[in-house]
Amino acid sequence: MKALKNYIDKIKPHFEPGGKLSMFQSVFEGFESFLFVPNTTSRSGVHIHDSIDSKRTMTVVIVALLPALLFGMYNVGYQHYVSIGELAQTSFWSIFLFGFLAVLPKIVVAYVVGLGIEFTAAQIRHHEIQEGFLVSGMLIPMIVPVDTPLWMIAVATAFAVIFAKEVFGGTGMNIFNIALVTRAFLFFAYPSKMSGDSVFIRTGDTFGLGAGTVVEGFSGATPLGQAATHTGGGLLQLTDTLGNPLSLSDMFFGLIPGSIGETSTLAILIGGAILLLTGIASWRVMLSVFAGGIVMSLICNWFANPDIYPAAQLSPLSQICLGGFAFAAVFMATDPVTGARTNTGKYIFGFLIGVLAILIRVFNSGYPEGAMLAVLLMNAFAPLIDYFVVEANIRRRLKRAKNLTK
Amino acid sequence: MDHVVKIKKGLDIQLQGIPSPRISEVPNSQLYAIIPDDFVGLTPKITVKPGDKVLAGTPIMHDKSHVDVTIVSPISGEITAIERGERRKVMKITIKPDSTQQSVEFGKLDLDSMNGDEVKALLLKSGTFAFIKQRPYDIVANPDTTPRDIFVTAFDSAPLAPDYSFVLKEEMQHFETGLKALSKLTPGKVYVGVSAKQPIEVKNGTAVIFDGPHPAGNVGVQINHIAPINKGETVWTMNALDLLFIGRLFDKSAVDFSRIIAVTGSEINTPHYVRSHVGASMLSVTHGLVKPAEYEQRYISGNVLTGTNAGANGYLGAVHSQVTVIPEGNNCNEFLGWASLNPHKYSMSHSYFSWLMGKKRQYAIDARVRGGERAIIMSDEYDRVFPMDIYPEYLIKAILAFDIDKMESLGIYEIAPEDFALCEFVDTSKLELQKIVRNGLDRLMKEMN
């Protein structure tokens, strides 16, 4: 390590203003502080600091995302081999490898495009490189269907990072969650690639791996897609890709079609537990999203006409396990930058996300995935919620002063 | 003494080097220094020059805007230098002590028969008034105002802070005299914030017991829970250990600026208390107590949260009763530190594993910032260590934007930089919050007056 440190110290002068590589100063400093914790000591104020910094915070979120990501990779392979009828003779590792190879290019594209823009923006502003995109870049591949073309991910990521983040001032200044803006851009710009029966399961091969023909009776519709297209009234029976009925535990464990990282409620909850144990995410938000979702599902169960709105038949637990609801509750709503920042505000913010997610899902069959749109919408309202919470504190202070002059 | 205020929010940072209750003698300082910056808000006008002979209690400077607020020499001797920094700002005045040690005589003082104006005049003349602070702005009190109430904090909850019940034990009489003197300065009450863990008996004031982690000992927190400051009101605040100077003045008819100093921190062998004096050199206070080390050490006058980096060759700040020595840490190059699983890396958050080591474990934390400055990202971080009915993050943002209406409505008049010290410690974004607050208060004061 000493040699590495010495080498960095040796090449450092080239990157400082006036050096021949000074145009890469931010990138150099980014890597330097990535390798070695800066040993600058405090100049003003407190003499000691907590060990936590934004690198650690983002690292914890990425670790929390890993269970859902790894499961998502496996599920991509699993759904593929089910579709070509070769599941039984394929080993666990082959299944995983198929998914890994299908997902990895998406991660690489999201990171290369996003970080490239981040590095450039940091250098233009002469800032340090900020870590926020490390999480966004991981989230983006997890919330898209597996057959999303890479160029679309690149375009959408670039759009989101530039127009939803950098124009506002970078990490910590954005109003909307970057990953969700990417997803929304894809959804509205290329709707045919973002929904329907043919995008959530890769039926073709990946780098020549797993070629085969689709079995008879196969349908690639996600459970929520089935609910949205269910017509003619009557009982809604969700099925897997081969037409077998889906149980609640299938939905919970997540070997069902859907966006890459969103299918397994179990894997998401493991990530949620990591976020809550480390205190990085707010339990207030998470809890109230689930509460809002359950309340709204019950209202739909009781009052909505199931002939017109088939998704209203789904029980609260299936609503939570299906689609992106759990993922949005655990990883999207808890983004501290775009969410409510006051504790009281967090309850309201989370609850309304839960309510809106189910509301969109049930009453607007054009958007079976309501959770992501609900979070984006509430991102816009979070400052308003906080405004009223803080205003209450201000009024309390004014009242106190008034009582005194009486 | 039945009123107990429970403080829930806050954090006791467990550091190595807690002082044990034992007082030792250390050699007298070769040189003493008065640092005008210790008296926040005071613009010094120096009234002595090098070579002048002074007694303990001889004025050496006064405030330009309030000529009667004087700072006096803490000892008798000879002025050796007036050190100036950038733009001729006075950094410190050094005094070489003499062997006779004489004090200015204030004649026979009968506190019971004195009225408020007489007490105030005496405090101003003796230089003890400069130890009284006021809110709003957290500066040396303006003698032209009459405070609504006076708040005395009789404990310090900061890391490794001296135990006031131990330090005050010998001098309870002076403490009570001081409280009695203060009570003549306000038509309101003299509140004394007392710790539930280090109780002291209070006769001449209204005691309010506080139970909870730091910053329960911050007078600002105590005010916020007892009787918050409203716009237009002024209260005065004081530290119980500084109040001793006022008490001794009336009891002895002369100033006595001796102090019991807690010498603390992970770089101190056998941390305990020493008898010293306002303005003494750090070397004399820490004489023979600092662990020999090949790496750099940071000598802090005060505690690790609000103290000043005095340096080994510096001097004890006028308002400090504690010295903390910690490793500087600038020799550490931690490889991939953000990925560390080491349970010895301290963090309030559970993202590092120090929380698994239990709450009793003590840490030796060095002075590294441990991260780069970022925009405010995490929410509810400041709130968890800020036990006041104020939204700290919103107040900080209002100060940064310098929106006076917002600052007022969010409670700027109730706070001091020290109240944000813990926020600064836990901050993921590593912002210099105390500096932001101090600059905001200074600017606001200029705008308002």
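The structure we're discussing is the one just above.
Summarised in this report is the structure supplied together with it.

Quick notes on the rules
- Residues numbered from 1 in each chain as written.
- Chains lettered and ligands numbered in written order.
- Predicted model: local features only at pLDDT ≥ 70, side-chain atom pairs only at ≥ 80, totals over all residues.
- Heavy atoms only, no water.
- Patch = residues over 30% accessible without salt bridge, like charges linked within 9 Å, V, L, I, M, F, W, Y side chains within 5 Å.
- Areas by Shrake-Rupley, 256 points an atom, 1.4 Å probe, with all protein chains shown as cover.
- Salt bridge = Lys/Arg side-chain N within 4 Å of Asp/Glu carboxyl O.
- Lys, Arg positive; Asp, Glu negative; His and termini not counted.
- Charge placed at Lys NZ, Arg CZ, Asp CG, Glu CD.
- Helix = DSSP H or I, 4+ residues; strand = E, 2+ residues; numbered from the N terminus.
- Pairing = 2+ DSSP bridges.
- Expected span 1.5 Å × (residues − 1).
- Contact = heavy atoms within 4.5 Å.
- Core = buried A, V, L, I, M, F, W, Y, C linked by side-chain atoms within 4.5 Å.
- Buried < 20%, exposed > 50% of the residue type's maximum accessible area, 1.4 Å probe, protein only.
- Polar contact = N/O pair within 3.5 Å; in protein donor to acceptor, adjacent residues only side chain to side chain.
- Phe/Tyr/Trp six-rings, centres within 6.5 Å; stacked < 30°, edge-to-face > 60°.
- Lys NZ or Arg CZ within 6 Å of the ring centre and 35° of its normal.
- Buried area = accessible area lost by both parts, 1.4 Å probe.
- Nonpolar A, V, L, I, M, F, W, Y, C, P; charged D, E, K, R; others polar.

Examining a positive patch on the surface
Moving on, step 1. On the surface, a cluster of positive charge is made up of Lys45(B), Lys64(B), Arg84(B) and Arg88(B).
Moving on, step 2. Structurally, the position occupied by Lys64(B) is in the loop between β6 (59-63) and β7 (70-72).

What to know about the sheet that holds strand β2 (residues 20-25) of chain B
Residues and elements named next belong to chain B.
Moving on, step 1. Strand order in the open sheet formed by 6 strands is β2-β17-β16-β20-β18-β19, with mixed pairing between adjacent strands. Whereas interior strands pair on both sides, the edge strands pair on one side only; in this sheet they are β2 and β19 (308-309).
Moving on, step 2. Where β2 meets strand β17 (residues 272-277), 4 bridges bridge the pair, whose relative direction is parallel. Among the inter-strand pairings, Glu-25 is bridged to a residue of β17, identified as Arg-275.

Concerning helix α11 (residues 265-277) of chain A
All names here are of chain A.
Moving on, step 1. Between its first and last C-alpha atoms α11 spans 18 Å; for 13 residues at 1.5 Å apiece the expected length is 18 Å, and the two agree.
Moving on, step 2. Those residues of α11 hidden inside the fold are in contact with α3 (54-83), α10 (248-253), α12 (283-303), α13 (316-321) and α14 (325-332).
Moving on, step 3. Gly-279 sits one or two residues past α11 and shows a positive phi near 75°.

Some thoughts on the nonpolar core
General note: in soluble globular proteins, nonpolar side chains tend to be found buried as a group.
Moving on, step 1. Among the nonpolar cores identified, the biggest contains 105 residues, and Leu139(A), Leu275(A), Phe327(A), Phe331(A), Met332(A), Phe349(A) and Ile353(A) are the most heavily contacted of them.
Moving on, step 2. A total of 14 residues in this core trace back to one element, the largest contributor, which is α3(A).
Moving on, step 3. In this structure Met332(A) touches Leu139(A), Ile143(A), Asn177(A), Ala179(A), Leu180(A), Phe327(A), Met372(A) and Val375(A), once residues within four positions along its chain are discounted.
Moving on, step 4. Val119(B), Leu124(B), Phe250(B) and Met282(B) belong to the second largest nonpolar core, which has 81 residues in total.

Looking at the environment of Asp386(A)
Moving on, step 1. Here Asp386(A) shows up in helix α16 (residues 370-405).
Moving on, step 2. Counting along the chain gives 14 residues from Asp386(A) to Met372(A), while the straight-line C-alpha distance between them is 21 Å.
Moving on, step 3. Setting aside its immediate chain neighbours within four residues, Asp386(A) contacts Gly339(A), Ala340(A), Arg341(A), Thr342(A), Gly345(A) and Tyr394(B).
Moving on, step 4. Side-chain polar atoms of Asp386(A) contact the backbone nitrogen of Arg341(A), separated by 2.8 Å.

Comments concerning the pairing of strand β8 (residues 77-84) of chain B
Residues and elements named next belong to chain B.
Moving on, step 1. The sheet contact formed by strand β5 (residues 53-54) and β8 spans 2 bridges and is antiparallel. Pairing of Lys-53 across the sheet is with Glu-78, part of β8.
Moving on, step 2. Relative to strand β9 (residues 90-97), β8 runs antiparallel, the two sharing 7 bridges. Within β9, the position partnered with Ile-79 by the bridge is Ile-95.

Comments concerning the packing of aromatic side chains
Moving on, step 1. Using the criterion set out here, one finds 31 aromatic pairs over all chains in the structure.
Moving on, step 2. Measuring from ring centre to ring centre gives 4.9 Å for Phe386(B) and Phe420(B), while their planes differ by 45°; the resulting arrangement is tilted. With Phe386(B) in the loop between β21 (334-335) and α7 (392-401) and Phe420(B) in the loop between α8 (404-410) and α9 (421-426), this pair connects stretches of sequence that are 34 residues apart. Assigned by exposure class, Phe386(B) and Phe420(B) land together as buried.
Moving on, step 3. Members of the aromatic cluster, connected to one another through ring pairs, are Tyr74(A), Tyr78(A), Phe92(A), Trp93(A), Phe96(A) and Phe100(A).
Moving on, step 4. Against the face of Tyr352(B) rests Arg56(A), its NZ or CZ located 3.8 Å from the ring centre.
Moving on, step 5. The aromatic ring of Tyr363(B) is capped on one face by Arg361(B), whose charged end is 6.0 Å from the ring centroid.

So, the interface of chain B and chain A
Moving on, step 1. Taken together, the contacts link 74 residues of chain B with 60 residues of chain A.
Moving on, step 2. Of the roughly 5,900 Å² buried between chain B and chain A on both sides combined, carbon and sulfur atoms contribute 53%.
Moving on, step 3. On the chain B side of the contact with chain A, Trp338(B), Arg374(B) and Ile377(B) bury the most area, a combined 14% of that side's loss.
Moving on, step 4. Inspection of the chain B/chain A interface yields 7 salt bridges.
Moving on, step 5. Salt-bridge contacts for Arg396(A) lead to Asp389(B); the nearest nitrogen and oxygen are separated by 2.8 Å.
Moving on, step 6. The tally of links from chain B across to chain A stands at 40 residue pairs in polar contact (both at pLDDT 80 or more).
Moving on, step 7. A per-element tally of the side of chain B that touches chain A places α9(B) first, with 4 residues.
Moving on, step 8. Of the residues in the side of chain B that touches chain A, the class split is 32 nonpolar, 21 polar and 21 charged.
Moving on, step 9. With 2 bridges joining them, strand β1 (residues 36-37) of chain A and β21(B) adopt antiparallel strand pairing. Residue pairing for β21(B): Phe36(A) is matched across the bridge by Phe335(B).

Taken by themselves, the reported measurements are silent on function.
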